[in-house]
Amino acid sequence: ALVTTFVSISVVLLLNLLVAQLSRSYEYIYTDMLGFARLNRASLLVDAMESCSRVRWRRFVKSLDFEKRLEFDEGDLGLSGGIASAEPASKHIQTREAIRRYGGTTSGDAPWPITQEDSNRNEDGEEADQLDEMEELVNKIARRVNQLTLDPPSAAAALGGSSKLSQDMSSMSGEDESQIE
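Procedures and definitions
Residue numbers restart at each chain and count upward from 1, following the sequence in its written direction. Local features are withheld for residues below a pLDDT of 70 in this predicted model, meaning they are given only at 70 or higher, and side-chain atom pairs are given and counted only at 80 or more; totals for whole chains, interfaces and linings count all residues. Water and hydrogen atoms were dropped before computing side-chain values, which therefore reflect all heavy atoms in the structure. Only runs of H or I of at least four residues qualify as helices and only runs of E of at least two qualify as strands under DSSP, and these elements are numbered from the N terminus. The buried label applies to any residue whose accessible area, calculated with a 1.4 Å probe on protein chains only, is under 20% of its type's maximum; exposed applies above 50%, and partly exposed to all values in between. Every residue pair with non-hydrogen atoms within 4.5 Å of one another is taken to be in contact. In this description, accessible areas are obtained by the Shrake-Rupley approach with a 1.4 Å probe, and a residue is regarded as covered only by the protein chains that are shown. When DSSP finds two or more bridges between two strands, those strands count as paired. Only one rule defines a salt bridge in this text: a Lys or Arg side-chain nitrogen within 4 Å of an Asp or Glu carboxyl oxygen. Pairing of aromatic side chains here covers Phe, Tyr and the six-membered ring of Trp, requires ring centres within 6.5 Å, and sorts the geometry by plane angle: under 30 degrees stacked, over 60 edge-to-face, intermediate tilted.

Here we look at the overall build of the chain
Right, so step 1: Secondary structure assignment for the chain yields 5 helices and 2 strands.
Right, so step 2: Mapped in sequence order, the helices and strands of the chain form the string α-α-β-β-α-α-α.
Right, so step 3: Out of the 181 residues in the chain, the part that is buried amounts to 6%.
Right, so step 4: The long-range fraction of contacts in the chain, counting pairs at least 24 apart against all pairs at least 6 apart in sequence, stands at 29%.
Right, so step 5: Accessible surface for the chain amounts to roughly 15800 Å². Of this, 60% is attributable to carbon and sulfur atoms.

So, the pairing of strand β2 (residues 76–80)
Right, so step 1: In terms of strand pairing, strand β1 (residues 69–73) meets β2 through 3 bridges, oriented antiparallel. Its bridge partner lying in β2, E71 is registered against L77.
Right, so step 2: In this antiparallel pair of consecutive strands, β1 and β2, the connection spans 2 residues, and G75 shows a positive phi of 80°.

Some details on the pattern of salt bridges
Right, so step 1: Inspection of the entire model under this criterion finds 1 salt bridge.
Right, so step 2: For E27, the salt bridge is made with R24, and the minimal N-O distance between the two is 3.2 Å. You can see E27 and its partner R24 sitting in helix α1 (residues 2–50), 3 residues apart, about one turn around the helix.
Right, so step 3: In this structure E27 comes out as partly exposed when scored by relative accessible area, which is 27%.

Quick word on helix α2 (residues 54–63)
Right, so step 1: In terms of burial, α2 is largely open, as just 0 of its 10 residues are buried.
Right, so step 2: At the exit of α2 stands D65, carrying a positive phi of roughly 55°.

Comments concerning the packing of aromatic side chains
Right, so step 1: Following the criterion strictly, the structure yields 2 aromatic pairs and no others.
Right, so step 2: Both rings, one in W57 and one in F60, keep their centres 5.5 Å apart while their planes meet at 40°; by these two values the pair is tilted. One end of the pair is W57 and the other is F60, both in helix α2 and 3 residues apart, which spans about a single turn.
Right, so step 3: Owing to a relative accessible area of 42%, F60 belongs among the partly exposed residues under this scheme.

Put into structure tokens, the structure is as follows:
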């Protein structure tokens, strides 16, 4: 009786190990496939470039206006050397502005002006507003769920990765509980 129990537990354990190895190897093969597809696409582009004359290529590059500065927002000119493109606002949700702009002198000796956001910080320099942290956590979970539903290769890895999501949530909730105390 003990021998059959041991053998059955060993078989289950070894089968789980085999499934884990196969899903991991599938993930590696999938990333290699994407890399080889990109290399193949790049070689096709290089072959197509040989058929384009230098004059036509220079005219094309000039039409891209790489010298012109990109407009990030209305009246907000950014860097030159790029191509502006629009994307849906829901693709990368930003609840907080990452770039801070201040009027006045650019002298290094001048103190930074104190803003409303700076007054919301505690003595460690961390945000005191816990609603922002909760919103970031909800957005992170939504991105993970969206990725799992849209990306089939990561869905195979999700069987082992779902515990990572729960670990992230527990670690973040553990941080929040320690901050509340």
